[in-house]
Amino acid sequence: MATESTPLITTVTVGPVRRRYPHQTLRRFCSVALGSSLIALFITFLITVVLAPPRNTHHDWPGHSGKHLSYEQLQSILLDTPSSSKATEWSKYYTAGSHLAGKNLSQAEFTRDRWNEWGVKSDIVAYETYLNYPVDHRLALLEKTKSDSPNPGAWKVAFEATLEEEALEEDPTTHLEESVPTFHGYSATGNVTGSFVYVNYGTYWDFEDLIKANVSLVGKIAIARYGGIFRGLKVKRAQELGMIGCVLFTDPGDDGDVTEANGYDTYPKGFARHPSSVQRGSVQFLSVAPGDPTTPGYPSKPGVPRAPVDGAIPSIPSLPISYVEALPILKALNGLGPRAKDFGQFWTRNNGLGWKGIEYNIGPSPDNVVLNLYNDQEYMITPQWDVIGIINGTIPDEVIVVGNHRDAWIAGGAGDPNSGSAVLNEAIRSFGQALEKGWKPLRTIVFASWDGEEYGLIGSTEWVEEYLPWLSATNVAYVNVDVGVCSPLFKASAAPLLDKILYEVTALVQSPNQTIEGQTVRDLWNGHISTMGSGSDFTAFQDHAGIPSLDFGFCGEAEDFPIYQYHSNYDSFHWMSEFGDPGFQYHKTMAQILGLTVAKLAEALLIPLNATDYADALEKYVQKVESKLASPRTEPSTEEEIFEFRARTVGTEMKGDATLFGEELARLYQSVSELRSAAVKLDAKAEKLAKKAKEHIPWWKWISKLKLIHDIRFTNTKYKKIERAFLYQPGLDSRPWFKHVIFAPGIWTGYSGAVFPGLVESIDNKDFTNALKWVDIIDDCIRTAIKVIE
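Asker: Whenever I open this one, the overall build of the protein chain confuses me. Can you help?
Answerer: The helix and strand tally for the protein chain stands at 23 helices and 18 strands. In terms of principal-axis extent, the alpha carbons of the protein chain reach across some 150 × 65 × 55 Å. For the protein chain, restricting intrachain contacts to residue pairs at least 6 apart in sequence, the fraction spanning at least 24 positions comes to 81%. Accessible surface, the protein chain: about 32,200 Å² in total, of which carbon and sulfur atoms supply 54%. Of the side chains in the protein chain, 73 bear a positive and 95 a negative charge, and the two mean positions are spaced by 9 Å.

Encoded structure:
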C-alpha cells in the first residue's frame, strides 16, 4: 500500500506495444511518398509558373507549357498563309452543284475532312428539321374573253410565267441539271386565283396607305417588290389582312444607277442585273423566332415533340419572279386604281420600270383579269448537318465560336454563302499551319459550318439551343462571316463590346486596293458599324444567348460596281471570278481579317472587349428613344431610316400617360451614367493588368504573380458576363424566343436591328403602360451589368 514515503516514480512492467495498423510500415511509406509528391508538384508549379522567365505572351499561363509561337509569329502565319488560288479552289468546289439545306451531306463531309487534314479535330452534328422542297408551281395571268368573242365569258391565258432563269452560254452554273427551281422556303402549298394589287415594298405602312385609300385587299393576291424588309414579313402582313397569295419581284430601280435603263449592259455582258434574275429565299416569320418552327426554344433531335407551325410560317402561298416576268402583270394594272405617286415619296422611290411602260398603278385588277398562283411544296422532317471543328485551348471556360453557313438556295452561291465558306477554310488552314509549328491557343476556338441558315438560321439556332448552358458559361464571343465578298467595300455589324477590335484588326491588313501604296482596309472603310439585327447565324448567339457577336465581309454597296444578283442562279462562280472578285484577292484579304480577329480574341491575356463603348452606345440608344417620343413622325433620310420608319406599327388608342413615361425614361440616363463609370474603371483595370503582365516579376514575388493571374481571370469573367446581363428570360412581348432587351430584329423589318425593342414597339403602339414596364426591365438589366462589373 502506498504511503508518503512511496517513490513518486516507479517502474511498471507493461506488455509489448500493439501496432495501431496491420500495415504501419507501408502506410508510413505511402505518407512520405505522397508528401514528397505534393512538394515536388508545388516546386514544379513554382518553376513553370512563378519562376518562369518573362515573355510578352501568355505562355507562362498555368498549364500552358511546351513548344509555342509568339503572337507576332502567329500573326505572320495568319497574314502569309491565305491564298487567292486556294480560295478560288474552295469557291469552285462549293458552287459546283446544288446544296440546299438537308441535301448537302457530301459537302459537309468534304468540309469535315479538309478541317481534319489541317489539324482541326472536326465532326458532323446532325439535327432532324422541318423543311420544304419544291414540287411544282405555276403563275398565269388569266382574262375573260369578251362578249363578242367566239367563246364569250371563257377564261384564256394572257400570260404564263416560265418561273425560270435564262441559261447563259458564258455561265456554266446556269446549265446545271440539278438547278434549284424558283421557290420560297417555308411557303405554303396552295392553288389560288384572284384579282391582284400592287403593294409597293409590302411594309407595314405600305399596307396602311392602301387601307386608308380604301383599296380592297381581302381575297386578292399581293404583288410586292423585294427590298427594305425581310420577305417573310411582306407575306405575313398580306396574310393578316386577308389576302390569299403573294408574288415578289425585284425592281431594277433598287439597283441604283447600274441599270439597263441607264445604259449598262446586263449580265453576263455588263454590270446590270440580268432581267430573268429571281431572288429565292425564306418566308419564315424571322422576327418572331428563327430556327426549326416545330421546335421553338429546344433542339430538333430525333423523337422530340413537335409544335404546330401556326404563326411561325405563312398559311398563304407565295412565289418569287423576275422583273421581266413581272412586266405583263404590272402592265395589266396600268390605268387601274390610284397610282404610286398618289401615295407620296415612299411609293415613288426607285421605281425602275417606267421605261418598260409600267405606270405603277395599284389596282386592284378587275374581276375579269386575275392571277392563278399554284405552289406545291413537300414538307418533311429531314436531317441536316453542321460541321463543328475544335482547337482546344488552355483555358477551358473561355471559348471563341466562329461560323459561316454552307447551304444555298441555288447551285452556285459564290457570294452567299460560299465566299464566306472559302474565307473560313483559308482561315482554318492558316491556323492549321500554326498548329503544325506547336501553337496552342489560350482560349478554345470552335469553328462551325452551319446548314439550314437560308431557311431560318436553323443549323446555328438548333446548336445554340442544344449547348446553351455550356455557351452561357464559356462563350466569350461569336464571329460570323456570311457573304465574305460580293463588292470591294468592307461592311460590319457588331455588339458595341467588339467595336474596338474591328478597328484594330482592319488597320493591320493591307487592302487589295493599293491606289495609295500601303493603305489598309481600315483606311478605305468608313468605320460605320451597324446595330445587330437578324438575317444570319449570329442571331441565336446575340439575341437568345447574350453572347457578343460580330458579322463582317466585303459586301457594302459600291457605286458603279457590278450588281450582286442575290439568291439567283447568277450568284455563280463565273460572276464572282469575272465581276465580283476577279483574282479572288478580296477573299484572301477577308481570310486575313477573320484569322486576326479570331487570334486576337483567343490569344490576348485580357479579353479584348470594351465596356465603355457599350455604355456610350446605350446612351445614344436612350437619346434615340427620347427623340422618337418627342418627334414620332420625323422624316427619315437614309435608306435604313426610311424602312425602319415605314415598318413601324400603328397604335390606335393611347394607353397610359406619355408624360409620365417621358419622366421615367430619364431614369435610364442615370443608370447608364453609373454603368459608364463602372465600365471606365473596368477598362482601365484591364489595360493596367495587360501592361503588368508584360513586366518581369522576380521569382521571390511569386505571390504577386499568382495574384496577377487571379486578377486577370476575374476581370475576364466580368467581360464575359456583361452581355448576359441584358437578357430578360420571359423574352420580348409576343416573341419570347428573343431574350435581349437591347438588340433584336425589328418586328416588322426582320433584317435591321432595333434597339430597346420592347420599349420602341410599345411607343409605336402608343402603349405607355407597357413602355413603363420596359423601362423597369431595362433599368434592372443595366443595374445587373453594373453589379457584374463592380
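Asker: Just checking my understanding: could you explain a positive patch on the surface for this structure?
Answerer: Together, K685, K688, K692 and K701 make up a positively charged patch on the protein surface. Tracing the chain through its elements places K701 in the loop between helix 20 (658–694) and helix 21 (702–722). On the basis of relative accessible area, K701 is assigned to the partly exposed category, the value being 42%.

Asker: Help me understand the nonpolar core in this model?
Answerer: As a rule of thumb, nonpolar side chains are buried together in soluble globular proteins. Residues F447, W463, F552, L594, F726 and L759 are the most contacted members of the largest nonpolar core, which totals 130 residues. Looking at which element gives the most residues to this core, the answer is helix 23 (residues 768–789), with twelve residues. If sequence neighbours within four positions are ignored, F552 has contacts with V479, N480, V481, V483, F490, K491, A492, L502, M590, I593, L594 and T597.

Asker: How should the state of the cysteines be read in this particular structure?
Answerer: By definition, a disulfide links the sulfur atoms of two cysteine residues through a covalent bond. Evaluation of the coordinates by the stated rule reveals zero disulfides. Free of any disulfide, C486 has its nearest cysteine sulfur in C555, 5.3 Å distant. Classification of C486 as buried rests on a relative accessible area of 7%.

Asker: Hey, could you run me through the sheet that holds strand 7 (residues 245–249) in this one?
Answerer: Strands belonging to one sheet form pairs held by backbone hydrogen bonds; the direction of such a pair is parallel or antiparallel. Here we have four strands laid out as an open sheet, ordered 5-6-7-9, and parallel in their pairing. In the strand order of this sheet, the two ends are held by strand 5 (196–198) and strand 9 (318–321), each with one partner. Across the sheet, the mean angle from the axis of one strand to that of its neighbour is 20°, orientation sign disregarded. Here three bridges tie strand 5 to strand 6 (residues 221–225), and the two strands are oriented parallel to one another. Note that in strand 6 the partner of Y198 across the bridge is I223. Here helix 6 (residues 231–240) sits on the sheet in contact with strand 6, strand 7 and strand 9, set at roughly 150° to strand 7. Set on the sheet, helix 7 (residues 323–331) makes contact with strand 5, strand 6, strand 7 and strand 9; between it and strand 9 the angle comes to about 115°.

Asker: What's the story with the environment of E160 in this structure? I'm lost.
Answerer: Structurally, E160 is set in strand 2 (residues 155–160). According to the relative accessible area criterion, E160 is partly exposed, its value standing at 39%. Sequence separation of E160 and N716 is 556 residues, and the distance between their C-alpha atoms is 62 Å. Leaving out residues up to four positions away in the same chain, E160 has contacts with R138, L139 and A140. A polar contact is formed between the side chain of E160 and the side chain of R138, at a distance of 2.8 Å.

Asker: Explain the packing of aromatic side chains here, please?
Answerer: Aromatic ring pairs are described here by two measures, namely the spacing of the ring centres and the angle between the planes. Summed over the entire model, instances satisfying the criterion amount to 43 aromatic pairs. Note on F230 and Y751: the rings are 5.2 Å apart at their centroids and 85° apart in plane angle, and the pair reads as edge-to-face. Of this pair, F230 sits in the loop between strand 6 and helix 6 while Y751 sits in the loop between strand 17 (743–745) and strand 18 (753–755), and the two are 521 residues apart along the sequence. F230 sits in the buried class, given a relative accessible area of 4%. For Y751, a relative accessible area of 27% gives the class partly exposed. Centre to centre, the rings of F554 and Y586 are 5.0 Å apart; their planes meet at 65°, and the pair counts as edge-to-face. Of this pair, F554 sits in strand 16 (residues 549–554) while Y586 sits in helix 17 (residues 585–603), and the two are 32 residues apart along the sequence. Of the two residues, F554 and Y586, both sit in the buried class. A connected cluster of aromatic rings, assembled from ring pairs, spans F490, Y503, W525, F552, F554 and Y586.

Asker: Whenever I open this one, the environment of W205 confuses me. Can you help?
Answerer: If you trace the backbone, W205 turns up in helix 5 (residues 204–212). The class of W205 is buried, set by a relative accessible area of 10%. Residues W205 and S577, 372 residues apart in the sequence, show an inter-C-alpha distance of 40 Å.

Asker: Can you walk me through the pairing of strand 7 in this structure?
Answerer: When you tally the buried positions in strand 7, you get five out of five residues, the bulk of the element. Of the two faces of strand 7, the one holding G245, V247 and F249 and the one holding C246 and L248 are both buried throughout. Taken together, the five bridges between strand 6 and strand 7 define a ladder with parallel strand orientation. Bridge assignment links A222 to a residue of strand 7, and that residue is C246. The β-α-β motif built from strand 6, the intervening helix 6 and the parallel element strand 7 has right-handed crossover chirality.

Asker: What is the right way to look at the pattern of salt bridges in this model?
Answerer: Oppositely charged side chains can pair when the atoms bearing their charge come close. Counted under the stated rule, the structure contains 35 salt bridges. In this structure, R112 and D113 form a salt bridge, with 3.1 Å as the shortest nitrogen-oxygen distance. On the basis of relative accessibility, which here comes to 30%, the residue D113 falls in the partly exposed class. Linking D255 and R273 is a salt bridge whose minimum nitrogen-to-oxygen distance equals 2.9 Å. In this pair, D255 is assigned in the loop between strand 7 and strand 8 (281–282) and R273 in the loop between strand 7 and strand 8, connecting sequence segments 18 residues apart. Take R273: its relative accessible area is 10%, and that puts it in the buried class. Within this structure, E664, R667, E674, D776, D779 and R783 form a network of salt bridges that share partners.

Asker: Just checking my understanding: could you explain the packing of helix 20 against helix 23 for this structure?
Answerer: Helix-helix packing is characterised by the crossing angle of the two axes and by the distance between the axes. Between helix 20 and helix 23, whose axes approach to 9 Å, the crossing angle comes to 10°. In this view, helix 20 runs roughly parallel relative to helix 23, as classed from their interaxial angle. Seen from above, helix 20 lies across helix 23 with left-handed handedness. Looking at the contact of helix 20 with helix 23 residue by residue, the classes come out as 19 nonpolar, two polar and six charged.

Asker: Whenever I open this one, the pairing of strand 11 (residues 395–405) confuses me. Can you help?
Answerer: Within a regular strand, side chains alternate between the sheet's two faces. Among the eleven residues of strand 11, nine are classified as buried, and the element is accordingly described as predominantly covered. Sheet topology note: the strand 11/strand 12 (residues 443–450) ladder contains eight bridges and is parallel. Residue H405 lies in a different strand from strand 12, and its bridge partner there is W450. Running through helix 9 (residues 418–436), the crossover from strand 11 to the neighbouring parallel element strand 12 is right-handed. Where strand 11 lies against strand 13 (residues 475–480), five bridges are found, and the strand directions are parallel. Residue I400 lies in a different strand from strand 13, and its bridge partner there is A477.

Quick notes on the rules
Residues numbered from 1 in each chain as written. Predicted model: local features only at pLDDT ≥ 70, side-chain atom pairs only at ≥ 80, totals over all residues. Heavy atoms only, no water. Helix = DSSP H or I, 4+ residues; strand = E, 2+ residues; numbered from the N terminus. Contact = heavy atoms within 4.5 Å. Areas by Shrake-Rupley, 256 points an atom, 1.4 Å probe, with all protein chains shown as cover. Lys, Arg positive; Asp, Glu negative; His and termini not counted. Charge placed at Lys NZ, Arg CZ, Asp CG, Glu CD. Patch = residues over 30% accessible without salt bridge, like charges linked within 9 Å, V, L, I, M, F, W, Y side chains within 5 Å. Salt bridge = Lys/Arg side-chain N within 4 Å of Asp/Glu carboxyl O. Buried < 20%, exposed > 50% of the residue type's maximum accessible area, 1.4 Å probe, protein only. Core = buried A, V, L, I, M, F, W, Y, C linked by side-chain atoms within 4.5 Å. Disulfide = S-S within 2.5 Å. Pairing = 2+ DSSP bridges. Axes fitted to C-alpha atoms, helices over the stretch in contact; angles between N-to-C directions. Polar contact = N/O pair within 3.5 Å; in protein donor to acceptor, adjacent residues only side chain to side chain. Phe/Tyr/Trp six-rings, centres within 6.5 Å; stacked < 30°, edge-to-face > 60°. Right-handed = clockwise from strand over helix to strand, strands pointing away. Parallel < 35°, antiparallel > 145°, perpendicular 65-115°, else oblique. Left-handed = near helix turned anticlockwise from the far one by under 90°. Nonpolar A, V, L, I, M, F, W, Y, C, P; charged D, E, K, R; others polar.

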